[in-house]
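The primary structure of each chain is shown beneath.
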Amino acid sequence: MAETPPSQHDTALGDPGFADVSESDWEAAAEGALRGEPLSSLHTTLLDGIETAPLYTAHRHSTEADPSGLPGSAPFARGATAASGAQGWQVRQIHDVRLVSTPDAVAVDTTSGVDAVTVGRGWDADGDGTALAAGIGDAAGAGVTIHLQSGASPAHAAALLDVFDRHGVDLAGLNSWLGLDPIAAVASGWHWADLSSCSTLVSSMCSTARSAAEIAQRSPGAVPLEADGSVFADAGASDATELAAMLATAVAWLRAICDNADGPGLNPDAAARLLGFTLSAGPDAFLVTAKCRALRMCWARVLGTCGVDGTGDEGPPMRLHAVTTTAMLSAVDPWVNMLRATTASFGAANGGVDAITVRPFDAVSAGQASSGLGWRVAANTQLILRHESRIGSVIDPAGGSWYLEDLTRKLAHAAWDRFGAIEAAGGICAAMASGELEASIVAERELRDQQIAAGEQVLVGVTDFVDSQAQQDSGASVVAGEPAGAPAVGLGVHRWAAPYETEPAGEAVAGEAGS
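Just so it is clear, the structure is predicted and the values come from calculations on it, not from any experiment.

*Asks:* How should I be thinking about the state of the cysteines in this particular structure?
*Replies:* Think of a disulfide as a covalent bridge from one cysteine sulfur atom to another cysteine sulfur atom. Under the counting rule described, the total for this entry stands at zero disulfides. No disulfide involves cysteine 198; its nearest neighbouring cysteine sulfur is the one of cysteine 429, lying 5.2 Å away. Here cysteine 198 falls in the partly exposed class, since its relative accessible area comes to 28%.

Put into C-alpha cells, the structure is as follows:
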C-alpha cells in the first residue's frame, strides 16, 4: 500500500533537517582529506603579512560583528551603488600613439566592442601632437572615451583637448580621463623625473589642480586627475603598499585642491569628483577583488573624515580603473600571460571596477609593437568575460564569501596602517623625496623574490610547469623588450620572471623554485 504523503505541516521550512555541524567537525573532515597532515600546514602568509586559512566557517569568520554592508551602503566594500556591477565595466585598450600601426589598430578596436582607448606613456606633448591626432582623432570624434595613462602633464592634457577641439567634440559632454598625476609621473620616470624635491612636487600638484578645475568647468563629466597605484605595483610594491600609495596620493590631491593657497580652493566633495583611481590587477583573482573592495572602504573613510558622505543610493564619489600589471608578465612562454590576464580581469570585474585595461600577452616579448594577436586577445579577454560569461550581469558576485570578506577586511587594515605611516612621514611627496617609500618597496620586492626562489610563489611557465620547447626557442638568454611607455628612470618596472629569463637556457628554473 502506498505511503501517505507528508502533510504541508510536516514539511515546514523552519526545520530544514540538516544536522548541526560544528567548526571542529569541519576541521576533522578537512584533515581527513590531508592524509595525516595538520590543517595548519595549509595556512598561507601573503606578502603583506596577512594570513589566509584553508577553511572558513561562520563560527570564526562571520561578518556579523564587522559587516561589509550592502552594495550602495557604508562602508561601500560591496560597491558604491545598489546596482554596482550590474551594468558591467568599460573595456579599455592601451595603445602607443607613436607607432604607425596605431590608427588602424584603434579603428579595429572601436568597431569590435572596445569602449575606450588608453594612450600609453612615452609620447611627447610637443613633438607627438600629430601622432596623437592621427592615432585617436577619429575615435575621439566618434565619441569614444580617451584615457591618458597616468603621469600626463597639463601639456599632454592640452594636446588631447586640442584633438577634441579639431574633431568637433562637445566638451560639455566629455567623459574622458586626462590622467594628470605628478606622483605617478615621478614614480614612472615619464615626466617629472626629480625625486628629491618635495616642494617642487607639491607646487606641481597645485598648478595641475588649477588646470583640472578649469577643465572641470568646461567638461563636468571628465576625470582630469588620477591616483595611480599600478606604477608602485610594477616597481615591486605589495598590495597594501600600493593601496596606501593611492590613498596618500588622493589625500595629497585633496590638500592641493582644497587647502593650499596656490590651489583652486574647492570643497572636498567637488575635489573628489575630479579624481579617478587606477590599481594593478595581478594573477590572484581573489586578491584583486579584495583590493578593489578594500580601496573603496578606505577612501570612504578618508572622505568621511573630510565631511563627504554618501547619500541615498550613491556612495562617496569614486571612479575605479584596473590595469593588468606589467610585473606579472613573462617573456619566456608568453602564452601563459593570457591566463594571468584572464584571472586578473575576472578579479577586477568581481571587485566592481568601472573600467579595465588588459596589456597584450606579448607586451614584453614583442616590445612596443605587440602583435595583432596580442591586441585582439587583450580586448577579447574582457569581451568574453563581459558578454559570454556575463560577469557584469551580477551585483557584487563576491559578497558573502567568508574568505573574501576576511581578506578584504585584513587588506584594508594593512593598507590603512601603511597609509598612516606615509602620512606620518609628511605625506606622499615627502615619502617619495626622502626615499622612504622606495626603500619599503625595494624590501617588499626582495621578499617576493625570496618567496619565488623558495617555491612559495609559482610562476607558471617560468619557475614551474616549464615548456622546454618555449625555453629552447628563447635562446641562450631572453632579450625582452618592455611594453610601450616603460620607464628608463624613476622606480622602474621589475618583472617577477626577469631573474629567471636572463639565465642561460636550461638553467632558468634551477634551484628550489623549479622543484
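Moving on from the model shown.
*Asks:* Would you mind going over the packing of aromatic side chains with me for this structure?
*Replies:* Aromatic rings considered in pairs are described by the distance between their centres and by the relative angle of their planes. According to the stated counting rule, one finds five aromatic pairs in the structure shown. Counting every residue linked through ring pairs, the aromatic cluster contains Tyr56, Phe286 and Tyr403. The ring of tryptophan 177 is capped by arginine 92, whose NZ or CZ atom sits 4.3 Å from the centre of that ring.

*Asks:* Mind showing me how you'd approach the pairing of strand 6 (residues 177-180) here?
*Replies:* Each regular strand shows side chains that alternate between the opposite faces of the sheet. Side chains Trp177 and Gly179 project from strand 6 onto one buried face, and the interleaved Leu178 and Leu180 project onto a second face that is buried too. Taken together, the two bridges between strand 6 and strand 7 (residues 223-228) define a ladder with parallel strand orientation. Considered in strand 7, the bridge of leucine 180 is made with leucine 225.

*Asks:* So what exactly am I meant to see when it comes to the pattern of salt bridges here?
*Replies:* A side chain with one charge can pair with a side chain of the opposite charge if their charged atoms come near. Going through the model one piece at a time under the given rule, you end up with 15 salt bridges. Aspartate 162 serves as the salt-bridge partner of arginine 166, at 3.1 Å between the closest nitrogen and oxygen. A residue pair is termed a helical-turn pair when its members lie 3 or 4 positions apart in one helix, as arginine 166 and aspartate 162 do in helix 5 (residues 154-166) at four residues. Close ionic contact of arginine 495 with glutamate 501 constitutes a salt bridge, the shortest N to O distance being 2.9 Å. Per residue, the accessibility class of arginine 495 equals that of glutamate 501, and both read buried. The network of salt bridges with shared partners includes Asp48, Arg418 and Glu444.

Cut-offs used in this document
- Residues numbered from 1 in each chain as written.
- Predicted model: local features only at pLDDT ≥ 70, side-chain atom pairs only at ≥ 80, totals over all residues.
- Heavy atoms only, no water.
- Disulfide = S-S within 2.5 Å.
- Buried < 20%, exposed > 50% of the residue type's maximum accessible area, 1.4 Å probe, protein only.
- Phe/Tyr/Trp six-rings, centres within 6.5 Å; stacked < 30°, edge-to-face > 60°.
- Lys NZ or Arg CZ within 6 Å of the ring centre and 35° of its normal.
- Helix = DSSP H or I, 4+ residues; strand = E, 2+ residues; numbered from the N terminus.
- Pairing = 2+ DSSP bridges.
- Salt bridge = Lys/Arg side-chain N within 4 Å of Asp/Glu carboxyl O.

The values are spatial; any link to function lies outside them.
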